[in-house]
Amino acid sequence: MKISDLDFLRCPCCTGHLSLRDGAYSNGYLKDGLLCCLSCSEKFRVERSIPRFASPGRESSYDVTFAYYGSVQLDSVNGTDIARRRFDQLMLSYRYSPVLKKVLQAGCGSGRYTEVGLASNVDLWAVDLSSSAVEACQRNLGSIPGLHLLQADIYHLPFPPDFFDIIYSLGVLMAAPSPVGALRSLHRHLKPGGMFLIDIYRWRLRQWFDLRLWLRPITSRLPVGWLWRACNFAVP
């Protein structure tokens, strides 16, 4: 976390300003510390340079994926341009340039679409609910200037209203418990006249013949350890 980020962050509970307590610094970055709300006295940890505005939840298969395979989806790692083409298609369809803008990515994962977003000259604030996701994103992209990485709940974001020029989210919102609630929450932080870019998976008839569709009601209920061992057995 950059020290200057504190000027823009707000308490996700009451939108109050935050102060820093017991900070440990290195080269202009806050490594560890405690962010305290000046209005409601809520406290939020900073661990390994990442502000933690969301409490750790139940471990999911996504957490295991980010921990073990946190970089394989990045274009720079797998040698493809899949993420770049999907990102460019979304941006170009709205004819909107992200250059010199404040941008929010809702649901950054391990940084697949964060990497291509950072290729433009932007202040990119990337958030995810999963601690494994933001830590994987930090390992992959933490050295890139312009990245501001936070662990936060999409329904309770730690930003002022009307703050971002662009908000984008690719392949995330359809999996949210309340997609409409997520959209409303994100919209509060978008400047008037700003751009909201949302990409969700299209439902196709052939998906009824996809084995994954029929297995998901079972696999989503399995303990993560069991599912992990089953996947390793099926794909050695």
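Here is what the cut-offs are and how they apply
Residues numbered from 1 in each chain as written. Predicted model: local features only at pLDDT ≥ 70, side-chain atom pairs only at ≥ 80, totals over all residues. Heavy atoms only, no water. Core = buried A, V, L, I, M, F, W, Y, C linked by side-chain atoms within 4.5 Å. Buried < 20%, exposed > 50% of the residue type's maximum accessible area, 1.4 Å probe, protein only. Helix = DSSP H or I, 4+ residues; strand = E, 2+ residues; numbered from the N terminus. Contact = heavy atoms within 4.5 Å. Phe/Tyr/Trp six-rings, centres within 6.5 Å; stacked < 30°, edge-to-face > 60°. Salt bridge = Lys/Arg side-chain N within 4 Å of Asp/Glu carboxyl O. Pairing = 2+ DSSP bridges. Polar contact = N/O pair within 3.5 Å; in protein donor to acceptor, adjacent residues only side chain to side chain. Arc of directions from axis to C-beta. Patch = residues over 30% accessible without salt bridge, like charges linked within 9 Å, V, L, I, M, F, W, Y side chains within 5 Å. Areas by Shrake-Rupley, 256 points an atom, 1.4 Å probe, with all protein chains shown as cover.

Draft legend 1. Layout of the nonpolar core. In this structure, Leu18, Leu104 and Phe159 are the most contacted members of the largest nonpolar core, which totals 28 residues. Of all the secondary-structure elements, those providing two or more residues to this core are strand E2 (29-37), strand E3 (43-47), strand E5 (102-106), strand E6 (123-128), strand E8 (164-170) and helix H6 (179-187). Sort the elements by how many residues they give to this core and E2 lands first, with three residues. Once you skip the residues sitting within four places of it in the chain, Leu18 turns out to touch Leu6, Leu9, Arg10, Cys11, Leu35, Cys36, Cys37, Phe44 and Phe53. Counting residues in each nonpolar core, the second largest holds 24 residues, with Phe87, Ile166, Leu170 and Met195 among its members.

Draft legend 2. Molecular detail of the packing of aromatic side chains. One pass over the full model with this rule turns up nine aromatic pairs. For the ring pair Phe8 and Trp125, a centre distance of 6.1 Å and an interplane angle of 80° mean the geometry is edge-to-face. On the criterion of sequence distance, the pair formed by Phe8 in the segment before strand E1 (18-26) and Trp125 in strand E6 is long-range, its members being 117 residues apart. Its relative accessible area of 30% is what places Phe8 among the partly exposed residues. For the ring pair Phe87 and Tyr168, a centre distance of 5.3 Å and an interplane angle of 75° mean the geometry is edge-to-face. Of this pair, Phe87 sits in helix H3 (residues 82-93) while Tyr168 sits in strand E8, and the two are 81 residues apart along the sequence. Residue Phe87 shares its accessibility class with Tyr168, and that shared class is buried. The rings of Phe8, Trp125, Phe159, Phe163 and Phe164 are connected pair by pair, giving a single aromatic cluster.

Draft legend 3. Representation of the pattern of salt bridges in the model. Following the criterion strictly, the structure yields seven salt bridges and no others. Between Asp81 and Arg85 there is a salt bridge, with the nearest N and O atoms lying 2.9 Å from each other. We classify Asp81 as partly exposed; its relative accessible area is 38%. Salt-bridge contacts for Asp199 lead to Arg86; the nearest nitrogen and oxygen are separated by 2.3 Å. Here Asp199, found in strand E9 (residues 190-199), pairs with Arg86, found in helix H3; they are 113 residues apart in sequence, far enough to count as distant.

Draft legend 4. Main features of the environment of Ala126. Structurally, the position occupied by Ala126 is in strand E6. Look at Ala126 and you get buried, because its relative accessible area is 0%. The spatial distance from the C-alpha of Ala126 to the C-alpha of Arg48 is 16 Å, given a sequence separation of 78 residues. Once residues within four sequence positions are removed from consideration, Ala126 is found in contact with Gln105, Cys108, Thr114, Leu147, His148, Leu149 and Leu150.

Draft legend 5. Just unusual backbone geometry, in detail. Even without being a glycine, Ser41 presents a positive backbone phi close to 70°. Relative to the helices and strands, Ser41 is located in the loop between E2 and E3.

Draft legend 6. Looking closely at the pairing of E9. The sheet contact formed by E8 and E9 spans six bridges and is parallel. Within E9, the residue paired with Ser169 across the bridge is Ile198.

Draft legend 7. Main features of the side chain of Ser132. For Ser132, the location among the structural elements is in helix H5 (residues 131-141). A relative accessible area of 19% means that Ser132 is categorised as buried. Excluding its chain neighbours within four sequence positions, the residues that come into contact with Ser132 are Asp63 and Phe66.

Draft legend 8. Layout of the side chain of Asp199. Taking relative accessible area as the criterion, Asp199 reaches 18% and is therefore assigned buried. Within the structure, Asp199 has its side chain in polar contact with the side chain of Arg86 (distance 2.3 Å). Once residues within four sequence positions are removed from consideration, Asp199 is found in contact with Arg86, Leu90, Ser169, Leu170, Gly171 and Val172.

Draft legend 9. Highlighting H6. Within H6 the residues assigned to the buried category are Ala182, Ser185 and Leu186. Viewed end-on, H6 has its buried residues packed into an arc of 95°, placing them on one side of the element. The outward face of H6, more than 90 degrees from its buried face, is lined by the exposed residues Arg184 and His187. Lining the buried residues of H6 we find E5, E8 and E9.

Draft legend 10. Broad picture of a nonpolar patch on the surface. A contiguous nonpolar surface patch, about 720 Å² in accessible area, is contributed by Trp203, Leu205, Trp208, Phe209 and Trp214. Within the secondary structure, Trp203 is located in the loop between E9 and helix H7 (211-219).

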